[in-house]
Number of protein chains: 2
Amino acid sequence: MSIVVVGSVAFDTIATPSGRADDILGGAATYFSLAASYFTDVRVVAVVGEDFSAKHESVFHQHGIDTRGIEHATGKTFRWGGQYLDNLNEAKTDFTELNVFERFQPQLPREYLDSRFLFLANIHPTLQAAVRLEMDKVLFTGGDTMNYWIQRTRAELAETLKLITVLLINDTEAKMLAGETNLPRAAHKVLAMGPQALVIKHGEYGATIFFREGAFGIGSHPFRAPALPIEEVKDPTGAGDSFAGGFMGYLASQPELNREVLKRALFYGGVMGSFAVERFGTERLRTLNRAEIDARFQVFRELTHLE
Amino acid sequence: MSIVVVGSVAFDTIATPSGRADDILGGAATYFSLAASYFTDVRVVAVVGEDFSAKHESVFHQHGIDTRGIEHATGKTFRWGGQYLDNLNEAKTDFTELNVFERFQPQLPREYLDSRFLFLANIHPTLQAAVRLEMDKVLFTGGDTMNYWIQRTRAELAETLKLITVLLINDTEAKMLAGETNLPRAAHKVLAMGPQALVIKHGEYGATIFFREGAFGIGSHPFRAPALPIEEVKDPTGAGDSFAGGFMGYLASQPELNREVLKRALFYGGVMGSFAVERFGTERLRTLNRAEIDARFQVFRELTHLE
């Protein structure tokens, strides 16, 4: 089934210990779309400026991604610059130029409205909620957020969390949102805010999915997927969005939702995140094929499974 | 097969967000012995003072642990005091009174010398090496170390690492020892120093075992075991030593060493660590039975395994 993603398309300038890239295509919706496109049909909603060319848009088209929801506005595309020092888990932002993204009002093409899966990437929670309410055929909503919204728009975020099926955030965000340093306790507090499930991404240590009691009728035991030990992380940008793309894309591709499907989705999330960081920007995500993805899925399995 | 452990026996004074305990039995050799005792015969080598009573020693005897290698010296037993604040992963030391431990010279009873398994808990690397060389029937040596020895006795530690089969340390120690922030690269650098395998403990995220190329004839792919998401960590003290006890104890109990056995050992390490932190000090490790341990092993499996 098709999935709609709403979020940023950007040009990134990135420096890591492995090198540097200037003004390369990025943004949460871009990473998400490319990762999910290996599993299902993707429809993107975003805003870009006049500097976003047909060549940039063709990156989406090459993966069959529907770009009718990309609004072309007057002005420049969102730009972000950052660097990763020795600690590749944390970016130091050099600059953020919101440009056309500052007044982003997601425009949903009529043709998108029959999608059953929706991913709300990291944007203002009020915009997230508006999109979800407009997409009234949606059965499953994934969502992301960040420290900025947790601290500054807590009331609005609380409303949005009631509309989200699975929230995907990292350890720091989960602890901040819950006001609680113990991870499983933080998870339960976040689940009490609305979502049926919570995926907490642990970076190089993998991810855990926590379920609300009774969610999906599958029992509330958590499940953990690994991350791959990678010797050369070229560029961590977009790893989390690629994780979400693998997770949601796999879910949308399945005929039914059960515990086993959710577990596998968590593994596919890790797989897509592991590919994303192997090259700068979206490079690796553009050149994959499903056989490579499934081979790495087996590597993840061998990394953690007893006989 | 029996296993000899050399390390500290101590009295700990511990404060955590869950409470406080004064002068309770602790020390690396104690946690290790108790954890390993559920799998195999354990022989302990340590030094204690005059304040170490028959009642304390009976804790070992109740688990069939051979204490003939515990030297009773004149003076007081090693005492450590520390507290865990919100971050239960890190202890703040309040005091360290080495007492009789300061002049610890491991005395190996003749009856211990036929053991094939040896665990060198965290003591001066020169003492570790001396014990290993004296135990000339040993086929498999586990070892621990810490930042203190990595920084101050690097040359001596380098010699000891050549005698160790599997080194068990945490992320920070592995990165410091290798002078490398990327974990798999750090692992390979540590393996080049001597050990056949390296277990890196990630605290609440589990542990990874890295193998030297050709080690044990089992291929060099790493393997990851989870940790259990625990809502109330009462006292993290001894988690790493309990992990080592489960890991080494299980290995020593098996008729042969192969990849599957090493993988399961990593799971049993996580299992024993998860029990250790549920109560203060050694309390939970004293009251376990093998059925509880194997039930939790299944929980660990369900936490990570796809169908």
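Nothing here was measured: the structure is a model prediction, and the numbers come from that model. (Residues numbered from 1 in each chain as written. Chains lettered and ligands numbered in written order. Predicted model: local features only at pLDDT ≥ 70, side-chain atom pairs only at ≥ 80, totals over all residues. Heavy atoms only, no water.)

### Description of the overall build of chain A
How we decide: Secondary structure elements are taken from DSSP: a helix is a run of H or I of four residues or more, a strand is a run of E of two residues or more, and numbering for both begins at the N terminus. In this setup the radius of gyration rests on C-alpha atoms only. A globule is expected at 2.2 Å times the number of residues raised to 0.38. Burial classes: relative accessible area under 20% of the type maximum marks a residue as buried, over 50% as exposed, and values in between as partly exposed (1.4 Å probe, protein chains only). Residue contacts are defined here by distance: any two heavy atoms, one from each residue, within 4.5 Å place the two residues in contact.
Looking only at helices and strands, one finds eleven helices and 13 strands in chain A. At 18 Å, chain A has a C-alpha radius of gyration in line with the 19 Å of a compact globule built from 307 residues. Each of the three principal axes of chain A carries a C-alpha extent, and together these read 50 × 45 × 35 Å. By the burial criterion, 61% of the 307 residues in chain A qualify as buried. Taking the intrachain contacts of chain A between residues at least 6 apart in sequence as the baseline, contacts between residues at least 24 apart amount to 63%.

### Observations concerning the relation of the copies chain A and chain B
What counts is decided by this rule: Alignment of copies: least-squares fit on C-alpha atoms of residues with pLDDT of at least 70 in both copies.
Relative to chain B, chain A is turned by 180 degrees and slid 0.0 Å along the rotation axis, the superposed coordinates differing by an RMSD of 0.0 Å. The transformation just described matches what one would write down for a two-fold rotation axis. Of the residues that chain A buries at the interface, 100% are likewise interface residues in chain B, meaning the two copies contact each other through the same surface.

### Some thoughts on the pattern of salt bridges
What counts is decided by this rule: Salt bridges are counted wherever a side-chain nitrogen of Lys or Arg sits within 4 Å of a carboxyl oxygen of Asp or Glu.
This model, assessed by the stated rule, comprises 34 salt bridges over all chains. A salt bridge links D114 of chain A to R43 of chain A, with the shortest nitrogen-to-oxygen separation between them at 2.7 Å. Separated by 71 residues along the polypeptide, D114 of chain A in the loop between β7 (91–97) and β8 (117–120) and R43 of chain A in strand β4 (residues 42–48) bring together distant segments of the chain. Two residues, R20 of chain B and D22 of chain B, come together in a salt bridge whose shortest N-O distance is 3.1 Å. Residue R20 of chain B is classed as exposed on the basis of its relative accessible area, which comes to 56%. Three or more residues are tied together by salt bridges with common partners; here these are E278, R284, E292 and R296 of chain A.

### A closer look at the interface of chain A and chain B
Quick note on the threshold: By definition, the buried area sums, over both parts, the 1.4 Å-probe accessible area that each loses when the two are put together. Here a polar contact is taken to be a pair of N or O atoms separated by no more than 3.5 Å, where protein atoms must pair a possible hydrogen donor with a possible acceptor and residues adjacent in sequence count only if both atoms sit in side chains. Amino acids outside the nonpolar list (Ala, Val, Leu, Ile, Met, Phe, Trp, Tyr, Cys, Pro) and the charged list (Asp, Glu, Lys, Arg) are all regarded as polar, and Gly is one of them.
Across the contact, 35 residues belong to chain A and 35 residues belong to chain B. Summing the contributions of chain A and of chain B, the shared interface buries around 3,200 Å²; its carbon and sulfur component is 51%. It is Y205, R224 and L306 of chain A that lose the most area in chain A upon contact with chain B, and together they represent 25% of the buried surface on that side. Across the chain A-chain B interface, the total number found is zero salt bridges. Taken together, chain A and chain B are joined by 24 residue pairs in polar contact (both at pLDDT 80 or more). Taken together, the residues that form the side of chain A that touches chain B break down as 14 nonpolar, six polar and 15 charged.

### Description of the sheet that holds strand β2 (residues 10–16) of chain B
Residue and element names in this part refer to chain B. The line we're drawing: Two strands pair under a simple rule: DSSP has to find at least two bridges between them. Working convention: axes come from line fits to C-alpha atoms, limited for helices to the stretch in contact. Angles between N-to-C directions cover 0 to 180 degrees.
In space, the four strands of this open sheet follow the order β3-β2-β6-β7, with mixed pairing throughout. Taken across any chain shown, the strands that pair with only one partner, and hence form the sheet edges, are β3 (19–26) and β7 (91–97). Neighbour-to-neighbour, the strand axes of the sheet open up by a mean angle of 15 degrees, direction not taken into account. Taken together, the six bridges between β2 and β3 define a ladder with antiparallel strand orientation. In the strand pairing of β3, D12 is matched with I24.

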